[in-house]
Amino acid sequence: MIMSATRSGSEPSAALLTAASLASQAAGQGTAMHAFCTQLYPMLRSITGQGVRDTLAAIGHHIPLTVTEVPTGTKIFDWEVPQEWVVRAAWIKGPDGRKVVDIADHNLHLVNYSAPFRGTLTLDELRPHLFSLPDRPDWIPYRTQYFKRDWGFCLTDRQLQALEPGSYEVCVDTDLVQGSMTFGECILPGDSTEEVLVSTHVCHPSLANDNLSGIATATWLAKTLAALPRRHYTYRFIFIPATIGAICWLSQRQDVTQRVAHGVVISGVGDGGQYHYKRSRRGNADIDRIMALMLAESGEAHEQIPFFPYGYDERQFCSPGFNLPMGCFSRSTYGSYPQYHTSADNLDFIRPEHLERSLQLLLTAFGMVERNGTYLNLSPFGEPQLGRRGLYSLIGGHNEGQKLQLALLWVLNQSDGTNSLLDITEKADLPFGLIHQAAEALLNCGLLGEGRTPV
Ligand code: ZN
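So, here's what we can say about the structure. (Residues numbered from 1 in each chain as written. Predicted model: local features only at pLDDT ≥ 70, side-chain atom pairs only at ≥ 80, totals over all residues. Heavy atoms only, no water.)

### What to know about the environment of Gly446
(1) Moving on: With respect to the helices and strands, Gly446 occurs in the loop between α16 (432–444) and β19 (448–450).
(2) Moving on: Using a relative accessible area of 41% as the deciding quantity, one classes Gly446 as partly exposed.
(3) Moving on: Distance from Gly446 to Leu123, taken between C-alpha atoms, is 82 Å for residues 323 residues apart in sequence. (Helix = DSSP H or I, 4+ residues; strand = E, 2+ residues; numbered from the N terminus. Buried < 20%, exposed > 50% of the residue type's maximum accessible area, 1.4 Å probe, protein only.)

### As for the state of the cysteines
(1) Moving on: Scanning the entire structure with this criterion turns up 0 disulfides.
(2) Moving on: Of the cysteine sulfurs around Cys154, a residue in no disulfide, the closest is that of Cys203, at 15 Å. (Disulfide = S-S within 2.5 Å.)

### Overview of the side chain of Asp102
(1) Moving on: Inspection of the secondary structure puts Asp102 in strand β5 (residues 99–102).
(2) Moving on: Separated by 2.9 Å, the side chain of Asp102 and the backbone nitrogen of Ala104 make a polar contact.
(3) Moving on: Residues contacting Asp102, with those up to four places away along its chain left out, are Ala90, Trp91 and His109. (Polar contact = N/O pair within 3.5 Å; in protein donor to acceptor, adjacent residues only side chain to side chain. Contact = heavy atoms within 4.5 Å.)

### Structural notes on the pairing of β5
For a regular strand, side chains alternate in direction, first toward one face of the sheet and then toward the other.
(1) Moving on: In terms of strand pairing, strand β4 (residues 84–93) meets β5 through 3 bridges, oriented antiparallel. Residue pairing for β5: Trp91 is matched across the bridge by Asp102.
(2) Moving on: Between β4 and β5, which pair antiparallel in sequence order, lie 5 residues; one of them, Gly97, sits at a positive phi of approximately 85°. (Pairing = 2+ DSSP bridges.)

### Remarks on the sheet that holds strand β6 (residues 117–122)
Hydrogen bonds along the backbone pair up the strands of a sheet, which may run parallel or antiparallel.
(1) Moving on: Ordered by their spatial adjacency, 4 strands build an open sheet running β5-β4-β9-β6, and the pairing between neighbours is antiparallel. Each end of this open sheet is capped by a strand with a single partner; those strands are β5 and β6. Going from strand to strand, the sheet's axes swing by 15° on average, the running direction of each strand aside.
(2) Moving on: Relative to strand β9 (residues 167–177), β4 runs antiparallel, the two being bridged by 9 bridges. Paired with Val87 across the bridge in β9 is Thr174. (Axes fitted to C-alpha atoms, helices over the stretch in contact; angles between N-to-C directions.)

Structure representation (structure tokens):
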């Protein structure tokens, strides 16, 4: 195995896995990932409260997790940490005294973050507090109400249409209290203090693709990387409430943001849609180029999307004050599928094989991130003799061998200490794995050595 001397000295990284062997760790994990989603599905998550804590506790059974509580009212840039939401019960009883809607049946029935309310209302008075999807009469919508002190219920349109005139008893037994906002972090130390930041949100109740698929995939990524005997980068996985949680994390970890070399937001990776990678605000960060390369080499149908200031938490990480090199990796994109933010985004909508493939692709990308060294050709005056060093026996006469010969020549030619293996891969239009294999062979026979840190 090779290691770039521009990174952490001359000690060879004997333990570093190749991208292929790292990605192979995903095999057979889809079933367990889906089972983890099933375990998390019933938890009543919101931007604050016990649902997030329970979720983090479950994640903590798989990976080392540090949980941080930031008190309500704490100033976080232009915002402050909101009150903590406590839910005990929420239901509506019809004119005949029977419950017509009950959060005990489905977490989505209560508008998330609803303020407490008790009272008896006519159907006309109740209606402005009821939300359904007329186009999808059997689905319950997901609605939130974070910034207005009000309450509401979501129900199927069939339920709504069946409501008879009369008086309805409403119970929203919730509280909004001085508590805290909770986030979790899993830090896997590497040789370098530079970090790879992986973020996923943990604030959606009983929704599978958005966001349990991201939670399971990030957890399994961390679990796989944690099992490596050695890593070049320090990896930080953050499990945060969306938007306000990302702003909260950024405000509490401003020192960390200085060290983020690469990052990715993971969301919506369990459905059957094609892959999407939304580039960072920088547009051409190494992570953008690596994700593009990984997807191209994967053979998967995929699309790259330029940065836009909407979507998931890349909005916060790529705000101009931070401008982190972070894009967003997903299958179907934010809001693009009918099940999005409805009860149809359930455990059947995500599949073990889709989760497993997403894990495999991200592990492939991180394998590239780990191995993207910069080297120096130690025999730069004319081409060195490859035969004398046994490199022709590696090449042979076959087609793959010719590609390897080309890769050796590309690496020798470009390794002036300023071009990374990623740069060379792009110029040569050869697979990253082949360029890496060539670099490894050249290092082993002494033709390649320590590079300089690119300027
Ligand atoms: Zn969402």
